[in-house]
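Understanding the architecture of this molecule
Below, each chain spelled out in residue letters.
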Amino acid sequence: MKTFKLENETKIESGFKTPDNYFDNFSAKMMERLPMNEPKVISIFQKRKNLFLLIAAILVLALLVPTLYNYSTTQKSNMDAAALENYITYQTNVNQYDLINVLETEDINNIKISMVIEDKAIEDVLSLNSNLENLILE
Amino acid sequence: MQEEKEFIEQLLNLKTQNQAFEKLIVDSQRPLYNHIRNIVLNHDDADDVLQNTFVKIFQNLKNFKGESKLFSWMYRIATNEALNFLKQKSKRNEIPSEAVQNKAIENLEADIYFDGNEIQLKLQKAIALLPEKQQLVFKMKYFEELKYEAISEILGTSVGGLKASYHIAVKKIEAFINRN
């Protein structure tokens, strides 16, 4: 058996066939399939992009206003202790009895000042007090 | 060259586009079909790929830079479409691309659009065993009788590289046919 050599053989065709008239109708079929002169589709969003962006910006600002307002008004004010005391003393009806009623035993203990007072000092204070007699009588 | 430039201008001009593109289809349908058919082997698949190729060509006409010949550019699109078609088919059927090709060869015997004799079928079987690049080079040189310069422009490979690929492909095919 002789050795097969491609260049020594007559050309071997691929052997592929097409249906009859395939190429006669192909161009017409193809032209119908082409996306020719298709109107360009522009989405509504693209067309009115600026308008949408403007509305979005206004909405964002409108939503931010109450937040910013709350932020500015809820800032903690460091109230002066002396001013508060003056207010309670002069501008309200709170008297010492009201304050005593509010205080608990524990609060009273907390404000107790331990102080050692000598008998002589007490005597001096009492002797200088002109109302001493009235106090004793009471 | 000047003629081709004018023809490309007609393809890009909306007024002359339809007529020019129809001419392009008529002139190139047979060589492009043969090129695609040699890759996908089956007529129905070749018909699908050829239609997709012309749609792609039409859609990308405005991107054609004129750096290569219109003919080479169209062949390149057809080659990519055909190879992508085989890859998608292999993915869809979850089998390797070699298996897709082997199946297509097996089906050739019963294909009404293949009238090959024993040696033609044996040649197809031998080609199917080659690597993808060698298959392309062999088919374009042997069946389609394209010049090395044209193949080089289509595949982006040097003429020397193509000659080597073709030579190796021929040797492998001869060895296969002599064995079988």
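Residues numbered from 1 in each chain as written. Chains lettered and ligands numbered in written order. Predicted model: local features only at pLDDT ≥ 70, side-chain atom pairs only at ≥ 80, totals over all residues.

Describing the overall build of chain B
Secondary structure summary: chain B contains nine helices and zero strands in total. Moving toward the C terminus, one meets the helices and strands of chain B in the order α-α-α-α-α-α-α-α-α. Considering only residue pairs separated by 6 or more positions, chain B has 57% of its internal contacts joining residues 24 or more positions apart. (Helix = DSSP H or I, 4+ residues; strand = E, 2+ residues; numbered from the N terminus. Contact = placed C-beta atoms within 7 Å.)

Here's the deal with the overall build of chain A
Scanning chain A for helices and strands turns up eight helices and zero strands. For chain A, the sequential pattern of α-helices and β-strands runs α-α-α-α-α-α-α-α. Across the 138 residues that make up chain A, the buried fraction comes to 2%. (Buried ≥ 20, exposed ≤ 12 C-beta atoms within 10 Å, placed from the backbone.)

Quick notes on the packing of helix H4 (residues 70-92) of chain B against helix H8 (residues 148-155) of chain B
All names here are of chain B. Interhelical geometry of H4 versus H8 gives an angle of 60 degrees and a closest axis separation of 8 Å. Between H4 and H8, the crossing angle belongs to the class labelled oblique. As H4 runs across H8, the sense of the crossing is right-handed. Of the residues in H8, those touching H4 at Ser72, Tyr75, Arg76 and Thr79 are Ala150, Glu153 and Ile154. (Axes fitted to C-alpha atoms, helices over the stretch in contact; angles between N-to-C directions. Parallel < 35°, antiparallel > 145°, perpendicular 65-115°, else oblique. Left-handed = near helix turned anticlockwise from the far one by under 90°.)

So, unusual backbone geometry
Residue and element names in this part refer to chain B. In the Ramachandran plot, leucine 41 falls in the positive-phi region, its phi being about 75 degrees despite a non-glycine side chain. Along the chain, the position of leucine 41 falls in the loop between helix H2 (17-40) and helix H3 (43-60). Given 24 C-beta atoms within a 10 Å radius, leucine 41 is considered buried.

A short note on the UniProt feature "transmembrane region" (unreviewed entry) in chain A
The sites that UniProt annotates as "transmembrane region" (unreviewed entry) are residues 50-69 of chain A. In the segment residues 50-69 of chain A, helix accounts for 100% and strand for 0%; the C-alpha atoms at its two ends are 29 Å apart. (UniProt positions renumbered as here; feature names shortened; annotations may be inferred.)

Comments concerning the interface of chain A and chain B
Each partner contributes to the interface: chain A provides 20 residues, whereas chain B provides 26 residues. When its residues are assigned to classes, the side of chain A that touches chain B shows 11 nonpolar, five polar and four charged. (Nonpolar A, V, L, I, M, F, W, Y, C, P; charged D, E, K, R; others polar.)

Considerations on the nonpolar core
With 39 residues, the main nonpolar core has Ile36(B), Val40(B), Val49(B), Leu50(B), Ala82(B) and Val137(B) as its most contacted residues. Only helix H1 (22-33) of chain A together with H2, H3, H4, helix H6 (118-128), helix H7 (132-143), H8 and helix H9 (159-179) of chain B provide two or more residues apiece to this core. Broken down by element, this core gets its largest block of residues, eight residues, from H2(B). Of the residues that make up this core, three or more belong to each of domain 1 (1-115) and domain 2 (118-180) of chain B. (Core = buried A, V, L, I, M, F, W, Y, C linked by C-beta atoms within 7 Å. Domains from an automatic or database assignment.)

Some points on H2(B)
Helix length check: H2(B), at 24 residues, gives a terminal C-alpha distance of 30 Å against a target of 34 Å (1.5 Å per residue), a shortfall beyond 12%. Where H2(B) bends most, at Ser28(B), the angle is about 50 degrees, and the proline Pro31(B) comes one to four residues later. Regarding H2(B), the residues found buried are Phe21(B), Leu24(B), Ile25(B), Ser28(B), Leu32(B), Tyr33(B), His35(B), Ile36(B), Arg37(B), Asn38(B), Ile39(B) and Val40(B). Against H1 of chain A together with helix H1 (2-12), H3, H4 and H7 of chain B lie the buried residues of H2(B). Leu41(B) sits one or two positions beyond H2(B) and adopts a positive phi of about 75 degrees. (Expected span 1.5 Å × (residues − 1). Bend = angle between axes of the 7 residues up to and from the residue.)

Notes on the confidence of the model for chain A
Mean pLDDT over chain A: 80, with 86% of residues reaching 70 or higher. Mean pLDDT across the elements of chain A ranges from a minimum in helix H2 (residues 44-47) of chain A, with 67, to a maximum in H1(A), with 93. (pLDDT = per-residue confidence, 0-100.)

Points about the packing of H6(B) against H9(B)
Residue and element names in this part refer to chain B. Where H6 meets H9, the axes come as close as 9 Å, and the angle between the chain directions of the two elements is 125 degrees. What the angle tells us is that H6 and H9 run oblique. Viewed along their axes, H6 and H9 form a crossing whose handedness is right-handed. Seen from H6, the contacting residues are Lys122, Leu123, Ala126 and Ile127; seen from H9, they are Ile173, Phe176 and Ile177. Each residue belonging to the contact of H6 with H9 can be placed in one class, and the counts come to six nonpolar, no polar and one charged.

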